[in-house]
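Understanding the architecture of this molecule
Take a look at the letters that make up each chain.
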Amino acid sequence: MACKGNLLVCTPLECETVEEVLSSMEKARAEGADLVELRMDTMSFPHISEVEKLLKQRTMPVIVSFRLKSSKTSSKGNCNNTCLQVLRLAIELDAEFVEMEHEVATDVNMTKYMDRRSNSKIIVSSYVHNGDLSEEKLSCLIACMQSTGADIVKLVIDVVYITDLAPVFHMLTHCQVPLIASAVGDRGLISQLLAPKFGGFLVHGSLGSKLVPGMPTLVSLQQVYKIEHLNADTKVFGVVSNPVGHSKGPLLHNPAFRHTGYNGIYVPLLVDDIKEFFSVYSSSDFAGFSVGIPHKEAAVGCCDEVHPLAKSIGAVNTIVRRPDGKLVGYNTDCEASITAIEDALRERGVAKGEASHNSPIAGKMFVLVGAGGAGRALAFGAKSRGAQVVIFNRHYERAKALAVAVSGEALPYECLSSFCPQNGMILANSSAVGMEPNSDQSPISKEALRAYELVFDAVYTPRNTKLLKEAEEAGAIVVSGVEMFIRQALGQFKLFTDGLGTHPSLN
Ligand SMILES: NC(=O)c1ccc[n+]([C@@H]2O[C@H](COP(=O)([O-])OP(=O)(O)OC[C@H]3O[C@@H](n4cnc5c(N)ncnc54)[C@H](OP(=O)(O)O)[C@@H]3O)[C@@H](O)[C@H]2O)c1
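Remember, predicted model here, so these are calculated numbers, not experimental data. (Residues numbered from 1 in each chain as written. Predicted model: local features only at pLDDT ≥ 70, side-chain atom pairs only at ≥ 80, totals over all residues.)

So, about the overall build of the chain. Across its full length, the chain holds 19 helices and 20 strands. Across its three principal directions, the C-alpha atoms of the chain cover 85 × 50 × 40 Å. Counting only residues that meet the buried cut, the chain has 46% of its 507 residues in that class. Considering only contacts in the chain between residues 6 or more positions apart, those separated by 24 or more positions represent 67%. (Helix = DSSP H or I, 4+ residues; strand = E, 2+ residues; numbered from the N terminus. Buried ≥ 20, exposed ≤ 12 C-beta atoms within 10 Å, placed from the backbone. Contact = placed C-beta atoms within 7 Å.)

A word on the pairing of strand β10 (residues 264-270). Judged by how many residues are buried, β10 sits mostly within the fold: seven of seven residues are covered. Across seven bridges, the pairing between strand β9 (residues 235-241) and β10 is parallel. Within the sheet, the bridge partner assigned to S241 lies in β10 and is L270. With helix α11 (residues 249-260) bridging β9 and its parallel neighbour β10, the resulting β-α-β unit is right-handed. (Pairing = 2+ DSSP bridges. Right-handed = clockwise from strand over helix to strand, strands pointing away.)

The full set close to the ligand counts 27 residues, and P294, G372, A374, R394 and G481 are the nearest of them. Looking at the shell around the ligand, the elements with two or more residues in it are α16 (373-384) and α19 (481-497). Tallying contributions element by element places α19 first for the shell around the ligand, with four residues. Class assignment for the residues of the shell around the ligand results in 12 nonpolar, 11 polar and four charged. Mapped onto the domain boundaries, the shell around the ligand takes at least three residues apiece from domain 2 (254-333 + 488-497) and domain 3 (335-487). (Near = placed C-beta within 6 Å. Nonpolar A, V, L, I, M, F, W, Y, C, P; charged D, E, K, R; others polar. Domains from an automatic or database assignment.)

Our next topic: the environment of P437. Here P437 lies in the loop between β18 (425-429) and β19 (452-457). Overall, the presence of 8 C-beta atoms within 10 Å leaves P437 in the exposed class. Placed 107 residues apart in sequence, P437 and Y330 show a C-alpha to C-alpha distance of 29 Å.

A few words on the UniProt feature "domain: Shikimate dehydrogenase substrate binding N-terminal" (unreviewed entry) in the chain. The UniProt entry lists residues 239-319 under the feature "domain: Shikimate dehydrogenase substrate binding N-terminal" (unreviewed entry), expressed in the numbering used here. Between the first and last C-alpha atoms of residues 239-319 the distance is 10 Å; the span itself is 37% helix and 25% strand. (UniProt positions renumbered as here; feature names shortened; annotations may be inferred.)

By size, the foremost hydrophobic cluster in this structure holds 160 residues, and its most contacted members are L87, V316, F366, L368, I391, I426 and V455. At six residues, α16 tops the list of elements feeding residues into this core. Ignoring any residue separated from it by four or fewer positions in sequence, one finds V316 in contact with V291, K296, A299, V300, C303, V306, A310, G329, Y330 and N331. (Core = buried A, V, L, I, M, F, W, Y, C linked by C-beta atoms within 7 Å.)

A few words on the domain arrangement of the chain. Once the domains are mapped, the chain shows domain 1 (8-231), domain 2 (254-333 + 488-497) and domain 3 (335-487). The gap between the C-alpha centroids of domain 2 and domain 3 is 26 Å. Across the contact, 16 residues belong to domain 2 and 14 residues belong to domain 3. Take the side of domain 2 that touches domain 3: its biggest share by element is four residues, from α19.

Another aspect to go through is helix α17 (residues 396-405). Residues of α17 that are buried include every one of A399, L402 and A403, and no others. What you see down the axis of α17 is that its buried residues fit within an arc of 105 degrees, all on one side. Of the exposed residues in α17, those oriented more than 90 degrees away from the buried face are E397 and V404. The inward-facing, buried residues of α17 abut α16, β16 (388-393) and β17 (409-412). S407, located one to two residues past α17, shows a positive phi value of around 50 degrees. (Arc of directions from axis to C-beta.)

The next point concerns the sheet that holds strand β20 (residues 477-479). Hydrogen bonds between backbone atoms are what pair the strands of a sheet, whose relative direction is either parallel or antiparallel. As summarised here, the arrangement of the six strands in space is β17-β16-β15-β18-β19-β20, forming an open sheet in which the pairing is parallel. Each having just a single partner strand, β17 and β20 make up the two edges of the open sheet. Between one strand axis and the next, the sheet turns by 20 degrees as a mean value, whatever way the strands run. Of the pairings in the sheet, the one linking strand β15 (residues 365-369) to β18 comprises four bridges and is parallel in character. Along β18, the bridge assignment pairs F366 with I426. On top of the sheet, helix α15 (residues 333-351) reaches β18, β19 and β20; it is set at about 150 degrees to β20, its chief contact. Taken strand by strand, helix α18 (residues 466-473) contacts β18, β19 and β20, and its axis lies near 160 degrees from that of β19. (Axes fitted to C-alpha atoms, helices over the stretch in contact; angles between N-to-C directions.)

The next point concerns the UniProt feature "domain: Quinate/shikimate 5-dehydrogenase/glutamyl-tRNA reductase" (unreviewed entry) in the chain. UniProt records the feature "domain: Quinate/shikimate 5-dehydrogenase/glutamyl-tRNA reductase" (unreviewed entry) for residues 361-432 in the present numbering. For the annotated span residues 361-432, helix accounts for 31% and strand for 28% of the residues, and the straight-line distance between the end C-alpha atoms is 23 Å.

Of note, the amide linkage connecting N242 to P243 takes the cis form, showing an omega dihedral of 10 degrees. Within the fold, P243 resides in the loop between β9 and α11. Residue P294 is bonded to the preceding I293 through a cis peptide linkage, with omega at -5 degrees. Along the chain, P294 falls in the loop between β11 (286-291) and α13 (296-300). Positive phi, normally seen in glycine, also occurs at D94, with a value near 60 degrees. Judged by the 12 C-beta atoms lying within 10 Å of it, D94 falls in the exposed class.

Here I313 shows up in helix α14 (residues 308-313). Sequence-wise, I313 and N358 are 45 residues apart; in three dimensions their C-alpha atoms are separated by 22 Å. Not counting the four nearest positions on each side in its chain, I313 is found in contact with N331, C334, R376, A377 and F380.

Once that is clear, we can look at the sheet that holds strand β2 (residues 35-39). The strand order β7-β6-β5-β4-β3-β2-β1-β8 describes an open sheet built from eight strands, whose pairing is parallel. Sheet topology places β7 (179-184) and β8 (202-204) at the edges, where each strand pairs with a single neighbour. Between one strand axis and the next, the sheet turns through 25 degrees on average, direction left out of account.

Bringing the packing of helix α1 (residues 18-30) against helix α2 (residues 48-57) into the picture now. Where α1 meets α2, the axes come as close as 10 Å, and the angle between the chain directions of the two elements is 20 degrees. It follows from the interaxial angle that α1 and α2 lie roughly parallel. Considering how the two elements wind past one another, α1 and α2 form a crossing that is right-handed. Contacts from V18, V21 and L22 of α1 reach α2 at E50, K53, L54 and Q57. Class assignment of the residues belonging to the contact of α1 with α2 gives a composition of four nonpolar, one polar and two charged. (Parallel < 35°, antiparallel > 145°, perpendicular 65-115°, else oblique. Left-handed = near helix turned anticlockwise from the far one by under 90°.)

Structure representation (structure tokens):
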């Protein structure tokens, strides 16, 4: 049996027939699973002999589990009997792991079978409600479960906020008995991704492209996160955002860590309250963060020190924890977005023989849609290059405040499509309009795009937004948000890795 520090990867199977289970086992093995969980309560077996047949024919190690609440068996009495029958048979047939709920493990009809086990390891599981997520309560629960004779304890956790997981990570690190933590829902995803670092016994991954909230796919565990390389010293980085599912950060930063030999992992962090997040995850394990929608402005107030550029923009998209524990905020969005636009204009300018050392944005009318974190970075960047900035934002007051900060002009959002004081303008969308799942939307009418020489869209999911497609049809130079994304991520990666240990004081 694997012990603490020798992590297993498991995929739960919910199949109807023995044949289906056997073919899923082959897929699971190919995708990197060490074992599969056979959820017997979800299967319809006409007779217990089918369970015996399945266990005898299994082609890889299994966890045989039976959850009383989700069982297909009709009455509670029948369900209890079927559960006991299935689990006892699994013990008799030496299934590698037999998983039972805490109440089943304390049933006298089960305890005597548990005592007779020879090779099977017993996993005792319990559902933990949000209100019971304190280190004290978890310690008591784990001790109680261990006293049933469990070899391994499993907590199935109801996570409301990502911060609910902090005591769970503490238990994973300090618990003496092998522990599995499985948090339910999107906010629980890091319970799987970070389990290898904190000493979890087992990680769950879903099979194929099946999306299960809170569960990474087996393929991403193997290819993106490479969890077999993680250990207690691994530094945690991540993108603090809501929503966060669209972020391509993990696809970029994780391979970059491996390429440079840096012991880090970069994970999606679905955060509701950024202040609370930083007050809870304050240890040096959590070393650096990208900040996404809608937290960039609030992030300024979470930092101990803020780089002057980020301070003047009023938005932080990168936070690094210095060795003294202080959080330092930076903005890599500004240079990333402006240089992406400049390079595209220069490329066109060079083609036309107009090469110049000045910024090709200088003197141009720069029409900005959106006045959130990304919008502020673009507005300050455009102003720094000598452009004339005009801002349209859904909530006018926000546009007005940004216009004052960059000596620009704010106009009502409804006037965007009729705004046409000149031709050859630059349009930059920094609003979330057009972002998945609303990819059929654009902030401006197609006809109005004829007035623009270049159209940039900060939205990068999808890569080719409706705005960019229509701008191209209108004859404009188009610059995708992917260009900005890669540049800002490169800037972040340097801050995450270069200066660790040497980040100078900004004061
Ligand atoms: N390519 C990259 O590297 C990169 C980097 C940063 C951001 N982004 C993208 O840029 C977008 C904004 O990000 P952010 O960090 O600036 O977020 P943010 O601070 O939350 O700002 C969101 C902006 O979108 C506007 N908005 C949201 N829903 C809208 C709607 N239905 N109609 C009109 N306007 C709407 C908001 O207007 P109100 O002020 O009126 O609410 C605000 O201006 C996101 O799509 C993000 O993915 C891309």
